[in-house]
Each structure stands twice: as structure tokens, then as C-alpha cells.
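Report on the structure
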Amino acid sequence: MVELLAPAGQIDSGYAAFAYGADAVYLGLTRFSARAEAENFTQQDLNGFVQYAHDNNKKVLVAVNTIFFEDEKADLIETLQIIEAARADGVIVQDLGTARLIKKYFPVLRLHASTQMAVHNREGVEALRDLGFKRVVLARELTLDEITEICQVPGIEKEVFIHGALCYCYSGLCLFSSIYAGRSANRGKCVYPCREPFKLDSKSKHLFSMKDLAQGENVRLLEKAGVTALKIEGRKKSPLYVAAVTDYYRSILNGETNRKTLAEKRDRISCIFSRPTTELYLKGRKNFTVVDPDIVGHRGLVLGKVEKVSAHGKDRFLCFKTAAAIERHDGIQIDLPGSERPFGFSAQKLHVNGKNVFKVPSGSRTEIALPEKAPFIPAGAAIYLSSSGAVKKAYPVPKPKIKPISTAVSVNVTVDPDCISAETESVRVSVNGHFSKANSFETAQKAIRDSFSKTGGSAFVLKEMTVENPQKLFVPLSILNDLRRQLYEQAGEKADRVRQEQKTHQKEEILKQEVLSVSVVPSAVVSYNVKTDDPAFAAVLAQSEEPVDEIVFELASDTSPELLKNLSKEKIRFALPAVARAWETEFLKRRIQALISAGYEKFEIGNVWGLSVFKGQKIDLSFDWPVYAANSSAVRALLDLGVSGFVVSPETPDPTGLFKAFSDRAIAVVYQDPPLFVSETCPYAALDGKCQKCGGNRCEKITSRYGEFVSVMKNCRHFLLAKNPVKKKRELTAAGAKRLRLEFLKRPQSVEQKLSVLRRLIRK
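Here goes a summary of the coordinates provided. The written sequence of each chain sets the order in which its residues are numbered from 1. Confidence filtering applies because this is a predicted model: local features only for residues at pLDDT of at least 70, side-chain atom pairs given and counted only at 80 or more, and all residues used for totals across whole chains, interfaces and linings. Side-chain numbers here rest on the full set of heavy atoms in the structure, without hydrogens or water.

Strands here are runs of E lasting at least two residues and helices are runs of H or I lasting at least four, both read from the DSSP assignment and numbered beginning at the N terminus. Expected helix span is computed as 1.5 Å times (number of residues minus one). The first and last C-alpha atoms of helix α9 (residues 239–253) sit 21 Å apart over 15 residues, in line with the 21 Å expected at 1.5 Å per residue. Along α9, 15 of the 15 residues are buried, which leaves the element largely enclosed by surrounding structure. Just beyond α9, the residue with positive phi is Gly255, at close to 95°. Any residue under 20% of the maximum accessible area for its type is buried, any over 50% is exposed, and the rest in between are partly exposed; the area is computed with a 1.4 Å probe on protein chains only.

Before going further, it helps to spend a moment on the pattern of salt bridges. Salt bridge, as used here: a side-chain nitrogen of Lys or Arg that lies within 4 Å of a carboxyl oxygen of Asp or Glu. One pass over the structure, following the stated rule, counts 61 salt bridges. Across the pair Asp130 and Lys615 runs a salt bridge whose closest N-O atoms are separated by 3.0 Å. Here Asp130, found in helix α5 (residues 122–130), pairs with Lys615, found in the loop between α16 (609–613) and β32 (620–623); they are 485 residues apart in sequence, far enough to count as distant. For Glu233, the salt bridge is made with Lys237, and the minimal N-O distance between the two is 3.9 Å. We classify Glu233 as buried; its relative accessible area is 7%. The network of salt bridges with shared partners includes Lys531, Asp533, Glu554, Glu604, Asp624, Lys714, Arg741 and Lys746.

For the purposes of this section, nonpolar cores are sets of buried Ala, Val, Leu, Ile, Met, Phe, Trp, Tyr and Cys residues that join through side-chain atoms within 4.5 Å. Leu46, Ile83, Leu128, Phe133 and Ile334 are the most contacted members of the largest nonpolar core, which has 167 residues in total. In terms of residue count, α9 provides more of this core than any other element does, 10 residues in total. Among the nonpolar cores identified, the runner-up in size contains 46 residues, and Tyr170, Leu280, Tyr281 and Tyr706 belong to it.

Here, a strand pair is defined by DSSP locating no fewer than two bridges between the strands. In space, the four strands of this open sheet follow the order β26-β25-β24-β27, with mixed pairing throughout. The two strands at the open ends of the sheet, each matched to only one other strand, are β26 (428–432) and β27 (460–468). Each adjacent strand pair in this sheet contributes to an overall mean axis angle of 20°, direction not counted. In this structure, strand β25 (residues 419–423) lies alongside β26, joined through five bridges in antiparallel fashion. Pairing of Cys419 across the sheet is with Asn432, part of β26. Simply put, an axis is a line fit to the C-alpha atoms, just over the touching stretch for a helix, and the angle between two N-to-C directions goes from 0 to 180 degrees.

A cavity, in this analysis, means grid points on a 1 Å lattice covering only the protein atoms where a 1.4 Å probe fits yet has no way out; a pocket is instead an open set bounded by protein on both sides within 12 Å along at least five of seven lines, and a residue lines either one if it has an atom within 4 Å of a point. Grid points are joined across faces, edges and corners, and a volume is the space filled by probe spheres set on the points. The volume enclosed by the largest pocket comes to roughly 1,100 Å³. Elements that contribute at least two residues to the lining of the largest pocket include exactly α1 (11–19), α2 (43–55), α3 (73–86) and α13 (477–513). For the lining of the largest pocket, the leading source of residues is α13, giving 12 residues. By residue class, the composition of the lining of the largest pocket is 14 nonpolar, 14 polar and 12 charged. Each residue is assigned to one class: nonpolar for Ala, Val, Leu, Ile, Met, Phe, Trp, Tyr, Cys and Pro, charged for Asp, Glu, Lys and Arg, and polar for all the others, Gly among them.

Below, the structure is given as C-alpha cells:
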């Protein structure tokens, strides 16, 4: 049976998820989570929650799904130690460095590939399986046909999102927030610039603001396709939201056929939090209504439309016929012309037939008093129920009492005339006294056993006990209780010290093995390589005398074989794009095999899917920046794969150590058009809800409060670029970079313009 996986940004959300039908919960700790601003779990929370889950035959997955930097490695190791000690059922990972640490030092932990790895085709899933991952969270953009094909890959579980907020960009490939706000989506701190208004063709719209995913009864199709787990997004949502969404999908998966019941549960979700919804591309790529360009944020359940606003004394009343039951103190929102956010207020006065009422049944003509400073509200404006007391009452969240995790302990008690002692395997305590012969030896022995059986509040449960009392003495209960308290306290403190010493020793040993040190004498020679997707530019460079050591040419599904003729086998490296869907990969795989057969030996990949393409091939392979080599553990993971070079992540705050330690393989991008967004969603179609028939290629200027941008459609895939390329030659060479890359990708420029930029930058 398919697994229903619910979010928990706080412990109450986790309890709500399990109470309303989740088979598993995913959560984050206070560090290294892609929802860094959720409440998240402490170590104590995690320990108790995992035990509660396991006691109820449920599972807990922990998200450690951000890239990490070198100075955070010790903290990351501590996080993994916490997860291992809690016995979590899986770890969701983005960074290959984190994956390496888990495989090598925490092998008991089960590796799950985060959707932040942007895995979007069969080849990517095969590659992750070969790297030791047990489950992969697929990119949200996939169609049902693609998911069905991917589910045929054996040896690895597949997880898909079914409900919740959508990113405009492929998860893991967004650099907008990082570059423009200094808050990286790959570090869990996105500021959601995609929700901002952008101006195109003099129209200011929310071009990139996605509707919320809601697959509803499509989950049965996904279950039939062979998906392992169905995932609900929402670690920043309330326990009430988690309860309602989980309950809705559990009903569907349990075979609920009553349409009214399902509709009621879906409507409850709308009262808690809802944007307009979409199936995204599950039924096919030609869906042009996945963006909500006009209004952002929560609306609610549709109640009706304004008939009129009338005055009764000092109050103004909103008059309409309600499509759902409402009650006093419920939240009301109204769409206002020209406003991107609805006007909201609490229903304090309700009238039906001129009488004050507390509740209004569905289908009733009602009047709701407006706040004193309410704006003008026109007739015909849409009205929503944005919060509901009845819905809150429908989902009480249990708060179970968690039993402390206990360790079995054996105790030996010895009674002498002037002293009583107790010991475990690790500690011994004693209390002096003057003990006389017991009136009833059996009663005295039972009192000792009963006292030490009371381990509540400690970390122990009594497994077995021996009492040595040869002179058959009586010990007062107060002394027994004092002895027991001291024994369990000291044993607990000793156990904590031992565990901490073991963890510290393990961390120090890992850090020794993973230490970043200069292993190669840095070369004084600076070399240049150029990456481009322009075949004409590549051909000119190949024949020119420019001081370029390597040309990296990015292949595409429309790359003509004729354009690749006569390129130098020594100088050219062919690159696979980070994103290539099923219809593109087949062409690219054939093209790669033809190039290898023709004697070309140098290739580059920007996503793990390329590993599957080159599996078993004897080639010279390098990795581009979307693989995120931001720390030495990630670099070593790549070196274990036999790479000859890797591009250091542009998000690395201080790459000096990486350049010094791996100077012969570390590549620094000193001139780049970093794709702020990479998306399957066309912003031009979003404006009108239909294809603009641009032939899949278009370039326009787009502006927002962040500045001016270049919007590029290439083969019906959208790339948002900054107004100007990023230049970092001075700072990266100062950091020790010797292999410098200049990128000329996506931005429309002539060959002459590119050559001019190249010459100017090389001379600097």
C-alpha cells in the first residue's frame, strides 16, 4: 500500500498527522533544513516523537536537505549523530557531501534524495540508486507518464508531492533569493521572490506566483503508477492544516466514494489555507493555467458574491447569499478591484431576516457587519470564508504523553549493619546508618525491591535485582529512597558523559578523516575555459588563437550534428544540461554515444542523471555547479566518481580552502549568467492562460522591485537572467582559483560580442 507522508514543522503537527492518517512524517531539526524558519524539532522533541511513532507502527524521516559549508561540518556531524541516536527511519539529503558522511560514518541511516536534487528523469533515479540512495523525491514538474516510466526502475523507492505550495523554479536550481537577497533557497532561507509582482509588456503581474498543488483523487493514478510515497508539502503550516489535508487524502486512499464527504473535507482545507489550485503537469505539459498572476496569499472557501452594502444605524452590512455555513468570529475576505490581496475581517455581527444570530446555515441570505474603516466594496465582489470555528473544532489535535526512553539496568543492593550500598555496572553509591534486625525479613526485602523498582523520572527501567542482606536487617524507607535517587541520578549522569564522550570522539575522528588540507602544490599558471551553448561561437573559438584551454559546449535536443563537425578533440568538452526530460534524454544519449564513437573523450554533467549516461564509459568527466560542490566532503564524493574537474558552487561564501586543496580540479566561474529561475512554466502564457505561439524561443525584458531581468524561453523552457552577467574574476583569483571559467549561456549575443567580452576579461 502506498505511504501517505505528512509534514511536521512542529511537534503538534506531527501528532496531528498521525492522528488523521499519515503513515509517516517528515520534519527538520534546528539546522540544515530546507525550511529553516519553521519551528522545527529539538533533540528532545525528536527522541520522544520517533519513539511515539515507532510505538504506533509509524515512520519518521528527517530532512537534512540543504547544502553546507566547510565551517559547518562539525555541526552537521552532530546533527547526524542526533538522528542516528533517535533511530529515525530515513534522512532526506540534497548535498552529496552529506550523503558521503552518512554512507561512510552513519551507514545505519537510510538515504533519501531530496527534491532539491532536481531529479526529473529515469537516468537520475538510476544514478542515485547506484550511489546508495534508497528513495528519491521526484521533481514536481513531471507528468504521470514520466512518473510511471520512472517507477519501473528497480531497487529504489519513488516519492512524489501531491499537495501544497509550488516553487516556480525547479527545486535546487533557484539562485534568485541567494543572489538578490543573500538568503539561499538551498540553505532553507528563501525570501520567495517568485511571489513578487513583475512587469512585462507594461503589465505588472505575479508572473511567477504558482497556484498550490492539489492532486486530489489523482493520487489513485499515482498509486497505480507504482509510487512508494505520496508527500504533502507544508512544514511551515499549522497543525490544523496538516490534520485537514492528511485527513482528506487518507479518505481518498482508503477508498471513500461519497462525493459529499470528500467535498466537505476539501472545503475545510480551503478555510484553513488555500490559494487557487492546480494539478500542475500531471496530465500533460500543455497546462497554461498554473500561475495565479493577479492575487497572492490565502483566500479561503468561496462563500458567494456581494449583492449590496446596506446601512443600519451606524453600521454598514455586507449582504449576500452564503454558499457555506458561517458563525460569529469566522474570518471573511473579499476580493477588491485593483488589489493583489483581499480585504479581511472577523464576522462580529450576523443578521438573518433582520435578527442577530450566532450561526448562519448554508444557502441563507445574510448580512455581516463591516468594520468601521472598511474600504468601498462593489457589488459582485467575491467573498471567502478564510477561517472557521467549526473547522477548528473538527480537528482536535491530540497531545499524547510520551514515555521517556528507558535503558534496562541491573541493580545489586548490599545491606550491612552500618551501611547500605547499591551498584549498577557503571556506578556505586552508599548511605551510612544503623540498621537493626527486621521483624519480617520478607517484608524488609520486598521494601528494598519495591523502592528500586520505582524508576520514574529517570532514564532507566529495572531489569533485574539482587539483594544481599545476610543479617536480615531492616532499612527505613527514607534511606532506601535516598539511595535509589542517588544511584539512578549518578548512573544517568555517567551514561550521559559516556555517550557525550563517544559522540565527541566519533566527531573528532570523522573531522580528522574529512579535514580540508592542501594536498596539491598550487600551480602559478592560470588557465581559462569557456562554456557556451552557441555552436557558432564554439566553432570560432576552436579555430581562434585566444588563450582558451578548453571549450565546454552544452548540448541541447535541437543541436545539429553538422554544427559539431571539426571541433578539436583535445580542446572540446561536451556538456549535458542540468535539466533534460524524457523526450530530450533519448536524443542526448544517442548524441553522446555518437560523439564517443567519433573519439571525443571529454564530457561534463550538471545533474546526477548524467552519471547514468556515462556509466561504464572510459571518459574524462567533470561536474558543473548545480551539483553543488560547496564543501570538501562533496568534492571528495565527486572525486570518488573519478572526475577530472568540478565547478565550485557559486554560493560558497569562502571558497579559498577548496581552491587550495583541489587546485588542479577546482573550477571558478568568473563570468556567468546564473539562471535565477529554471522553469517549465512559461511566463508569457501565464499572462493570458494560453500558449503565445512563440515557437518555444523568446527573449524579453522583465522588471520588479529587485531590478531589471532578461527573460529567455529556450525550447519552451524558461530561464530568468540578471540584467548583467556576474563578474567575479578579481575576488576568485584572490581566493586562489587557477582554473577560470567564462560562461556564455542563454543570453542572446552575437559571436563578436562574446569575443569582445572574452578578450576584455582575459586581459584584466
